[in-house]
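Secondary and tertiary structure notes
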Amino acid sequence: MSQKFQAAVHHRDDVTFVKLSGVIDEDNELTDLTEKIPAGTAVIDLGEVERINSCGVRDWVNWLSQIEAHGASVVLVECSPAIVAQINLVNNFTGAGIVKSFYVPYFCPECDEEKVLLVESADMGPPPHEPPVCRCDECDLVMDFDDMPDSYFAFLSNPKHLNPPENLNESLGEMPSGDVERSRIRARAGTGNVTGRGSVTSLPSVPSLPSISLPGAPVPQTGPHHSPFTNPGSGVTNPSAVGLSQPPPPPVASKSGALVYVLIGVLVAAISVLAVLLFGSEL
């Protein structure tokens, strides 16, 4: 099976659990799963589908019609935002199936993090649909919904998406789970590397600057309780240590100014000598 597309099928009584993950494109292997899904309820978990292109949509719709023709009643659970986008765009994306649950995307402008919240379709109520309140796990502030409510929740206006089979919740409670728990928090691109749930690698710290002392100025104390950048006991940054604003040094005559003074002195001396020679000869 392709590394970018993964599928797992489990059976429990008359319910078939199908878990898809990765990318659904022209290299998908959906047709290989057709014979593994008998008549009965087919619960398809789409929570880890990251992307689906036009070729993947075509193959998905054809595959869904095939398993439904074999007697499968399709129930889509944990639909990722990529899947929700296609449900809203493609009229027959769900076939005759229903959408039991889906993920809602959020963004925290304070922490610059994204999060997806699992929502049951039946809990959304009648239109107009509004995103549930979701709080950031880092700062506990209310997060912003990362889409347009009218377009993202448009599929909920179709009644066929909201009629799950009876006793489905009991069957889902026995649904096999993966070995590794999936993290539902991820950082925005450029803000760090995600290392785990709610954990973002911090950026490297800026190296400290060397102290700069003016001639005759007292040398700042250093040690475990002193920093060359802070005045002891005040907590205020020492401007002379980091090159911040400070009184300018007294002006110093430039080389060109000194040369002018030398030339003037030579000229005065020459005039004096000439005067002595002229007036001295007359006397």
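Look up a bit, the structure's there.
This structure is a prediction, so every number in the text was calculated from the model and none was measured.

With mixed pairing, 5 strands are arranged side by side in an open sheet as β1-β2-β3-β4-β5. The open sheet has two free edges, formed respectively by β1 (5–12) and β5 (98–99), since each of these has just one partner strand. With respect to the sheet, helix α1 (residues 54–69) is in contact with β2 (15–24), β3 (40–52) and β4 (72–77), its orientation differing from that of β3 by roughly 175°. Sheet strands in contact with helix α2 (residues 81–89) are β3 and β5, and its direction is about 105° off that of β3.

Within α2, burial applies to Ile-83, Val-84, Gln-86 and Ile-87. Angular distribution of buried residues about the axis of α2 spans 160°; they occupy a single face of the element. Each element contacted by the buried residues of α2 is listed here: β3, α1, β5, β6 (101–108) and α3 (149–152).

Note that side chains of opposite charge can pair when their charged atoms are close. All chains considered together, the criterion is met by 6 salt bridges. In this structure, Asp-137 engages Lys-115 in a salt bridge whose closest nitrogen and oxygen atoms are separated by 2.9 Å. Note that Asp-137 is positioned in the loop between β7 (113–120) and β8 (144–145) and Lys-115 in strand β7, a separation of 22 residues in sequence. Using a relative accessible area of 43% as the deciding quantity, one classes Asp-137 as partly exposed. Taken together, the shared-partner salt bridges connect Lys-4, Asp-25 and Asp-27 into one network.

Pairing of β6 with β7 involves 8 bridges; the strand directions are antiparallel. Residue Phe-102 lies in a different strand from β7, and its bridge partner there is Val-119. Adjacent in sequence and paired antiparallel, β6 and β7 are bridged by 4 residues, among which Asp-112 carries a positive phi angle near 60°.

The rules behind these values
- Residues numbered from 1 in each chain as written.
- Predicted model: local features only at pLDDT ≥ 70, side-chain atom pairs only at ≥ 80, totals over all residues.
- Heavy atoms only, no water.
- Pairing = 2+ DSSP bridges.
- Helix = DSSP H or I, 4+ residues; strand = E, 2+ residues; numbered from the N terminus.
- Contact = heavy atoms within 4.5 Å.
- Axes fitted to C-alpha atoms, helices over the stretch in contact; angles between N-to-C directions.
- Buried < 20%, exposed > 50% of the residue type's maximum accessible area, 1.4 Å probe, protein only.
- Arc of directions from axis to C-beta.
- Salt bridge = Lys/Arg side-chain N within 4 Å of Asp/Glu carboxyl O.

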